[in-house]
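# Topology and contacts: notes
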Amino acid sequence: VVVNSKSAFSVAAGATYYLLDKRKILYFTCEYFAGIDSYKMIEANDNPNMAGGSIFGDADFSNWLTFVNGAKPVFNVAGGYQWQVKEKFMVLAGFRTDFNHRKNLDLDFDDYSNKVNGLDLDMYHFTGGVSITVFGQDIIMGIQYSMGREANKEQFVNLSSPVEFNPETNLPLQGTPYNTMVSMKNSLSVYFGATFNFGTNLK
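Here the structure is a predicted model, which is why all the values come from computation and not from measurement.

### Points about the pattern of salt bridges
It is possible for side chains of opposite charge to pair when their charged atoms get near one another. Per the stated rule, a full pass over the model turns up 2 salt bridges. Two residues, D122 and K103, come together in a salt bridge whose shortest N-O distance is 3.1 Å. A residue pair is termed long-range when its members are at least 10 positions apart, and D122 in the loop between β7 (89-98) and β8 (123-134) and K103 in the loop between β7 and β8 qualify at 19 residues. Of the residues examined, D122 reaches a relative accessible area of 17% and is grouped as buried. Notably, a salt bridge pairs K153 with E150, separated by 3.7 Å at the nearest N-O pair. Take K153: its relative accessible area is 14%, and that puts it in the buried class.

### Notes on the sheet that holds strand β5 (residues 67-71)
Spatial ordering of the open sheet is given by β1-β4-β5, a layout of 3 strands whose pairing is antiparallel. Because the sheet does not close on itself, it has two edges, and the strands there are β1 (2-3) and β5.

What counts and what doesn't
What you see as residue numbers is a count from 1 along each chain, following the sequence as written. With the structure being a predicted model, the display of local features is reserved for residues of pLDDT at least 70 and the display and counting of side-chain atom pairs for 80 or more, all residues being used for whole-chain, interface and lining totals. To obtain the side-chain values, all non-hydrogen atoms of the structure were used and water was disregarded. Salt bridges, as used here, are contacts in which a Lys or Arg side-chain nitrogen is within 4 Å of a carboxyl oxygen on Asp or Glu. The numbering of helices and of strands both runs from the N terminus, where a helix is a DSSP run of H or I of at least 4 residues and a strand a run of E of at least 2. A simple rule labels every residue: compare its accessible area, found with a 1.4 Å probe on the protein chains alone, to the largest value its type can have, and call it buried under 20%, exposed over 50%, or partly exposed in between. We treat two strands as partners when DSSP finds at least two bridges between them.

Laid out in structure tokens, this is it:
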């Protein structure tokens, strides 16, 4: 099995802005990921003894285990806020986008009938937390809420109006898929971190 994995070329830039009192800081960053043309990520040569006879007819199994991949160009942004409330207490907040590089991706390979469907959602992340200094050590506690939603997606499978055999999809006991699916993802993450500093004067 030959495996060929590609990573997208990316360029990033950022800026930092200090407010008048120097205790509040705004951060901004953006990153562009270039697209990747369709390519065979995994290619496996077929075995002539895999199948044969009248049951399979003239079925072609040469690309049965081949996996095609690619990526659309995406542009993500992020912003952050830092407020030094006191000498040993800091408030942090942020927002970032996570646009999916496989959303509506056309792989340009029509001779492969096998595919894996995924949600491929654009995600948005909101974060907040605090940083506390205790005896010279930094304690960080935070929370992140992530969300993504997309409507009018094509159904993965239609079981509401099944037929014995669907000639449009070449699948049995299924109906024709329509663009009526709504996909949604919500997640909540809690973070805790500690940085132990050595060789500093504790006050």
